[in-house]
Amino acid sequence: MADIAFSRIEMLPPVAPPASEVGWIGWARANLFSSWLNAILTILSGAAVAWVVFHIWPWFAHAVWNANSLAECRQIIAERYGEGASGACFAVIRQRWHQFLFGFYPQHLYWRPTIAFFLMLVALAPILFSNVPRKLLWFSLVFPGVAYWLLWGGSLILPVAIYAGFIVGWLCHRLAARFNSSLISVIAAVAGTLIWWSFLAGPVARGLGGVLPLSLEPVASKQFGGFMLSIVIGMTGIAFSLPLGVLLALGRRSDMPLVKAICVGFIEFIRGVPLITLLLVASFLLNIFLPPGTNFDIIVRVIIMVTLFSAAYMAETIRGGLAALPRGQYEAADALGLDYWQAMRLIIMPQALKISIPNIVNNFISLFKDTTLVAIIALLDPIGLVTAIRADTAWNGIVWELYGFVALIFFILCYSMSLYSKHLERRLRTDHR
Amino acid sequence: MAEPHPVDVSELAPVHVEKLKVSDEPAIEIVDMNKWYGQFHVLRDINLTVYKGERIVVCGPSGSGKSTLIRCINRLEEHQKGRILVDGVELTSDLKNIDKVRSEVGMVFQHFNLFPHLTILENCTLAPIWVRKTPKKEAEETAMHFLRKVKIPEQAAKYPGQLSGGQQQRVAIARSLCMKPKIMLFDEPTSALDPEMIKEVLDTMIALAEEGMTMICVTHEMGFAQAVANRVIFMDQGQIVEQNEPKAFFHNPQNERTKLFLSQILGH
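Residues numbered from 1 in each chain as written. Chains lettered and ligands numbered in written order. Predicted model: local features only at pLDDT ≥ 70, side-chain atom pairs only at ≥ 80, totals over all residues. Heavy atoms only, no water.

S.K.: Would you mind showing me how to read the overall build of chain A here?
M.R.: A tally of helices and strands in chain A yields 16 helices and two strands. Over its C-alpha trace chain A gives a radius of gyration of 29 Å, far above what one expects of a compact globule, namely 22 Å for 433 residues. Its C-alpha atoms put chain A at 95 × 80 × 40 Å along the principal axes. Considering only intrachain contacts with a sequence separation of at least 6, the fraction spanning at least 24 residues in chain A is 72%. Per element, the accessible surface of chain A, about 25600 Å² overall, is 71% carbon and sulfur. (Helix = DSSP H or I, 4+ residues; strand = E, 2+ residues; numbered from the N terminus. Rg over C-alpha atoms; globule rule 2.2 N^0.38 Å. Contact = heavy atoms within 4.5 Å. Areas by Shrake-Rupley, 256 points an atom, 1.4 Å probe, with all protein chains shown as cover.)

S.K.: Sorry if this is basic, but what is going on with the state of the cysteines here?
M.R.: By definition, a disulfide is the covalent link that joins the sulfur atoms of two cysteine residues. All names here are of chain A. Taken as a whole, this structure holds one disulfide over all chains when the rule is applied. What pairs with C73 in a disulfide is C89, and their sulfur atoms sit 1.8 Å apart. Its torsion about the S-S bond being 70 degrees, the disulfide of C73 and C89 is classed as right-handed. With C73 in helix α3 (residues 70-81) and C89 in the loop between α3 and α4 (91-102), the pair connects residues that are 16 residues apart, well separated along the chain. The pair formed by C73 and C89 is uniform in burial state, with each residue classed as buried. (Disulfide = S-S within 2.5 Å. Buried < 20%, exposed > 50% of the residue type's maximum accessible area, 1.4 Å probe, protein only.)

S.K.: Would you take a moment to explain the packing of aromatic side chains for this structure?
M.R.: Centre-to-centre distance and the angle between the planes together describe a pair of aromatic rings. All chains considered together, the criterion is met by 24 aromatic pairs over all chains. Judged by centre distance (5.9 Å) and plane angle (75 degrees), the rings of W59 of chain A and F90 of chain A are edge-to-face. Of this pair, W59 of chain A sits in helix α2 (residues 36-61) while F90 of chain A sits in the loop between α3 and α4, and the two are 31 residues apart along the sequence. Under the relative-accessibility criterion, W59 of chain A is labelled partly exposed at 21%. Judged by relative accessible area, which is 12%, F90 of chain A ranks as buried. The ring of F115 of chain B carries the charged tip of R175 of chain B above its face, separated from the ring centre by 4.5 Å. (Phe/Tyr/Trp six-rings, centres within 6.5 Å; stacked < 30°, edge-to-face > 60°. Lys NZ or Arg CZ within 6 Å of the ring centre and 35° of its normal.)

S.K.: Can you help me understand helix α6 (residues 195-210) of chain B in this one?
M.R.: Note: α-helices contain 3.6 residues per turn, so residues at a spacing of three or four share the same orientation. Residue and element names in this part refer to chain B. The terminal C-alpha atoms of α6 lie 24 Å apart, and with 16 residues this matches the ideal 22 Å at 1.5 Å per residue to within 8%. Every buried residue of α6 is listed here: M197, I198, V201, L202, D203, T204, M205, I206, L208, A209 and E210. Those residues of α6 that are buried are in contact with β3 (55-59), α5 (165-177), β7 (183-187), β8 (214-218) and α7 (222-228). (Expected span 1.5 Å × (residues − 1).)

S.K.: Explain the interface of chain A and chain B to me, please; I cannot follow it from the model alone.
M.R.: In many analyses, interface size is given as the accessible surface area lost on bringing the parts together. At the interface, 22 residues of chain A touch 25 residues of chain B. Regarding the contact of chain A and chain B, the summed buried area is about 2100 Å², with carbon and sulfur atoms giving 60% of it. Among the residues chain A hides against chain B, the three largest losses belong to A335, L336 and T430 of chain A. Together they make up 28% of the total. There are one salt bridge connecting chain A and chain B. Across the pair E331 of chain A and R71 of chain B runs a salt bridge whose closest N-O atoms are separated by 2.6 Å. (Buried area = accessible area lost by both parts, 1.4 Å probe. Salt bridge = Lys/Arg side-chain N within 4 Å of Asp/Glu carboxyl O.)

S.K.: Where do I start with the sheet that holds strand β5 (residues 89-90) of chain B in this structure?
M.R.: Sheets are built from strands that pair by backbone hydrogen bonding, the pairs being arranged parallel or antiparallel. All names here are of chain B. Read across the open sheet, the four strands follow the order β2-β1-β4-β5; overall the sheet is antiparallel. The sheet terminates laterally at β2 (40-51) and β5, the two strands that pair on one side only. Both strand β1 (residues 26-37) and β2 contribute to a ladder of eight bridges, which runs antiparallel. Opposite M33, over in β2, you have I46 as the bridge partner. Together, β1, β2 and β4 (81-86) form the strand contacts of helix α1 (residues 66-73), whose direction differs from that of β1 by roughly 120 degrees. (Pairing = 2+ DSSP bridges. Axes fitted to C-alpha atoms, helices over the stretch in contact; angles between N-to-C directions.)

S.K.: Whenever I open this one, helix α14 (residues 340-370) of chain A confuses me. Can you help?
M.R.: All names here are of chain A. Taking 1.5 Å of rise per residue, the 31 residues of α14 would be expected to cover 45 Å, yet its terminal C-alpha atoms sit only 35 Å apart, more than 12% below that figure. Along α14, the helix axis deviates most sharply at I357, where the bend reaches about 65 degrees; the proline P358 sits within four residues downstream. Among the residues of α14, the N-terminal cap falls to D339, whose side-chain oxygen and the backbone nitrogen of W341 are separated by 3.2 Å. (Bend = angle between axes of the 7 residues up to and from the residue. Polar contact = N/O pair within 3.5 Å; in protein donor to acceptor, adjacent residues only side chain to side chain.)

S.K.: Where do I start with the pairing of β7 of chain B in this structure?
M.R.: Regular strands show a simple pattern: their side chains alternate between the two faces of the sheet. Residues and elements named next belong to chain B. Within β7, five of the five residues are buried, leaving the element largely enclosed by the surrounding structure. Side-chain alternation along β7 places I183, L185 and D187 on one buried face and M184 and F186 on a second face that is also buried. Bridging between strand β6 (residues 105-108) and β7 involves four bridges; their strand directions are parallel. Residue pairing for β7: V108 is matched across the bridge by F186. Note: β7 against β8, five bridges, orientation parallel. Its bridge partner lying in β8, M184 is registered against M215. Crossover β7 to β8 through α6 is right-handed. (Right-handed = clockwise from strand over helix to strand, strands pointing away.)

S.K.: In this structure, what is going on with the side chain of T371 of chain A? I would like to understand it.
M.R.: For T371 of chain A, the position within the fold is in the loop between α14 and α15 (382-391). In this structure, T371 of chain A is in contact with S230, I233, G234, D381 and F410 of chain A, ignoring residues within four places of it in sequence.

S.K.: Which parts of the structure should I look at to understand the domain arrangement of chain A?
M.R.: Residues and elements named next belong to chain A. In terms of domain boundaries, chain A breaks down into domain 1 (30-56), domain 2 (62-102) and domain 3 (107-370). The gap between the C-alpha centroids of domain 2 and domain 3 is 43 Å. Contacts between the two partners involve five residues from domain 2, matched on the other side by ten residues from domain 3. Summed over both sides, the interface of domain 2 with domain 3 buries roughly 560 Å², with 64% coming from carbon and sulfur. (Domains from an automatic or database assignment.)

S.K.: Can you walk me through the packing of helix α11 (residues 275-289) of chain A against helix α12 (residues 298-324) of chain A in this structure?
M.R.: Two quantities define a packed helix pair, namely the angle between the helix axes and the distance between the axes. Residue and element names in this part refer to chain A. Orientation of α11 relative to α12, taken along the N-to-C sense of each, is 145 degrees, at an axis distance of 9 Å. At the point where α11 passes α12, the crossing takes the right-handed sense. For the pair formed by α11 and α12, the contact residues are L275, L278, L279, V281, A282, S283, L286 and N287 on the first element and I298, R301, V302, M305, V306 and F309 on the second. For the contact of α11 with α12, the per-class residue count stands at eleven nonpolar, two polar and one charged. (Left-handed = near helix turned anticlockwise from the far one by under 90°. Nonpolar A, V, L, I, M, F, W, Y, C, P; charged D, E, K, R; others polar.)

S.K.: What am I meant to see in the sheet that holds β6 of chain B here?
M.R.: Residues and elements named next belong to chain B. Pairing within the open sheet is mixed, and its six strands lie in the order β6-β7-β8-β3-β9-β10. The open sheet terminates on both sides in strands that have one partner only, identified here as β6 and β10 (239-244). Within this sheet the neighbouring strands show an average axis-to-axis angle of 20 degrees, counted without direction. Here four bridges tie β3 to β8, and the two strands are oriented parallel to one another. Pairing of I56 across the sheet is with I216, part of β8. Taken strand by strand, α6 contacts β3, β7 and β8, and its axis lies near 150 degrees from that of β8. Where helix α9 (residues 256-266) meets the sheet, it contacts β3, β9 (231-236) and β10, and its direction lies at approximately 100 degrees from that of β9.

S.K.: Mind showing me how you'd approach empty space enclosed by the protein here?
M.R.: If a probe as big as a water molecule is rolled over the atoms, it shows which places are left empty. Evaluation of the coordinates by the stated rule reveals two cavities of 30 Å³ or more. The volume enclosed by the largest cavity comes to roughly 70 Å³. Around the largest cavity, the lining is made up of 13 residues, and of these A335 and L336 of chain A together with G106, M107 and S176 of chain B lie nearest the centre. Elements represented by at least two residues in the lining of the largest cavity include exactly α13 (327-335) of chain A together with α2 (95-104), β6 and α5 of chain B. (1 Å grid on protein atoms, 1.4 Å probe; cavity = no way out; pocket = protein on both sides within 12 Å on 5 of 7 lines; lining within 4 Å. Points joined across faces, edges and corners; volume = space filled by probe spheres on them.)

This is the structure in structure tokens:
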């Protein structure tokens, strides 16, 4: 029998791994050439990629940025690269760049949407990133009014009067607090706000408008277009659909039969109807149902429909997050004496929303892409614009450049949302570090 | 149902029996209380008066209604018949009364139920800040005081997921204490813990008892019951079958069911 006793005299120091295991060589060995079959597949795939790039590259390389029509583009390419050469005609994007951004917004007022866009970034910063000073959130609250005023123009008094409605509601809530019932307070707040908006805001705004003539040149909704329109509809829809979705999800889980029935009915109805139908209703039918004389702005109608549509999906997404929380979290919140809204706001929602982040962002992205459907009701979003441009005799026949450009911008915007959701998930991960 | 882990009395922290005093003022009064889950009669004719300073251990086989009983005391479960008065306030469907009772009654759960998205300190300050409207700074001082008391002040900035089970349960106790409750309910506080962590939680509970806290504890820790409790209640099939002082309860059980249960749980 062999001698099995062994005792190490000297401990071994760690040695660097061989070059074939680390760095790009190691990576390629592990991922691309780990077996003969994989090596062959790698080479074939490489060849395929090279072939595609080789054939597409000239199209980009021959691109023309300065021309006034597709025919001119083709002529320039033929002159430079010989008859039959293919090339992109990006001149159309260069020429219609402003239209892609602003639609038919008056040219001398382009500064207004531009400022609104940059203010939007400022307003978003404190919501998206926790290291931005919290005080900026006040600006985020004021921003929608400012943006409305900048984009549509008219008197500053109108958004101020609308904001005043919230202050009136808050005051009513305060006054009703003496009845010591949260239901009465909420009813008082909602009633106060609605009364202000429907009866008092108009006269007050007109009265003040005479005193404070802070007015911008008004711009009609039908002049809106391009990515400005997509962003206005998309961002507003996103901003309103999340809170509305949260309320619907809570309502669906409510013990109160009436609240529950309303929420379930709403969610199921909206989910059962295509968005295009809702948009067509917004465009053609809504005016029939509204009292005569009221003229509801078409973009506002579209925003309302998109928001309601997205909120129904959002509600189900969030309900999934709520259902995933252990019962113990609700019980612990109850046992500490937190009331329903405190428990939801401080304990349940932060966790349910965190669970739902990937799905919520999924909804946001799909909402943003759905804004292109407004082309159906003759609003000039980027897709609507492409159709309009292609109808122009100068650019008739151009396809890839226009749709590719729209796709690229949408991809950049949607992919940044996706990246942000990854960042947020990483930041909120507190369970296993 | 977790396995019971009977801890030997001699392993626990010494109990200063002279500090354990029971007043004759009632803290909880339960009168003819009945509860049903659908058709199932979970709690039947429960009558129980708990005096201030009492340490009551409730034991019984799984499904005997002991957890449901203490969960009725802070209305995590609703009773359908009879009356429950906590510190003189009757539990009805009136939300104001329920919130008042809940803020006076602390509860510790089997699975800790800490809030995983908040730090240990935030877990402890949340309810005082939002329910009691305590200023943040004061709430944090109180929280640190109780975290020192349960011997984990150094973990205040961590998240619950980074702590061991025993530490989490002690945080849960500190979180309840931050509301300065008059009564503490423990729902199998050590059943989800590894044996070596049970002792640290039981020691914390002993310290609490010595300070005169009124406690009702559902547990299978018979060592703890013998050392700390002034009353042991045995429940079976939704009713109180036997109650007595610990010594008499363990050494001279009257009811056959109690005898069977004790022989199973004590393993002889």
